[in-house]
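# A look at the structure
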Amino acid sequence: MKFHSIVLFLFCISIPLFCAEEYYRSNSNGLLLLEIDPIDRHNYEYVIQRTFNEMEQETTRILWKKNVVEKKWEYNYNEGDLSFERYYQNDELREEYNYDHAGHKTLQTEFRN
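Given the structure is predicted, the values throughout are model-derived calculations rather than measurements.

Cut-offs and rules
Residues numbered from 1 in each chain as written. Predicted model: local features only at pLDDT ≥ 70, side-chain atom pairs only at ≥ 80, totals over all residues. Heavy atoms only, no water. Pairing = 2+ DSSP bridges. Helix = DSSP H or I, 4+ residues; strand = E, 2+ residues; numbered from the N terminus. Axes fitted to C-alpha atoms, helices over the stretch in contact; angles between N-to-C directions. Contact = heavy atoms within 4.5 Å. Phe/Tyr/Trp six-rings, centres within 6.5 Å; stacked < 30°, edge-to-face > 60°. Buried < 20%, exposed > 50% of the residue type's maximum accessible area, 1.4 Å probe, protein only. Lys NZ or Arg CZ within 6 Å of the ring centre and 35° of its normal.

The 8 strands lie next to each other as β2-β1-β3-β4-β5-β6-β7-β8, forming an open sheet whose pairing is antiparallel. Edge strands, defined here as strands with exactly one partner in the open sheet, are β2 (34-36) and β8 (105-110). When the angles between neighbouring strand axes are averaged without regard to direction, this sheet yields 20 degrees. Two elements, strand β3 (residues 46-52) and strand β4 (residues 58-65), share 7 bridges in a ladder whose sense is antiparallel. Bridge pairing in β4 places R50 opposite R61.

Shown next as structure tokens:
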């Protein structure tokens, strides 16, 4: 029993810690300026919220302005590689990008009102 406990302990400490969300001070363009504690996110005019999947790949990036979503980016992956990205502004789809397996942009679509 003691051996199994040691093995379980070693297995648990070998797994990297997974951070599902990160928060950053930002500007109106969505630039990551400084990582902040999630508790402090309401103290800043512009904040970026980044969300990650189980493979630690960024899946969403949200730009908050005074606690209201202003811009949003969604990222989708195929076999570990970024395959497409969507950009929203004021909850409306504005742009969509497709990428090949090497990460090169193959298609850009702009949506207008």
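Back to the text.
Below, the discussion takes up the environment of V47. Tracing the sequence through the fold places V47 in strand β3. As for V47 and R25, which are separated by 22 residues in sequence, their C-alpha atoms are 4.8 Å apart. What V47 contacts, discounting residues up to four positions off in sequence, is Y23, Y24, S26, I36, R41, I62, L63 and W64.

This structure, assessed with the given rule, holds 1 aromatic pair. On the basis of an interplanar angle of 35 degrees and a centroid distance of 5.5 Å, the ring pair of W73 and Y87 is categorised as tilted. Residue W73 is found in strand β5 (residues 68-78), and its partner Y87 is found in strand β6 (residues 81-89); the two are separated by 14 residues along the sequence. The class for W73 is buried, based on a relative accessible area of 12%. Its guanidinium or amino end placed over the ring of Y88, K72 lies 5.6 Å from that ring's centre, counting from NZ or CZ.

Take the pairing of β8 next. Relative to β8, strand β7 (residues 92-99) is paired through 5 bridges, and the arrangement is antiparallel. Considered in β8, the bridge of E95 is made with E110. In textbook terms, the turn of a hairpin is the stretch between consecutive antiparallel strands, and for β7 and β8 this stretch comprises 5 residues, one of which, G103, has a positive phi near 90 degrees.

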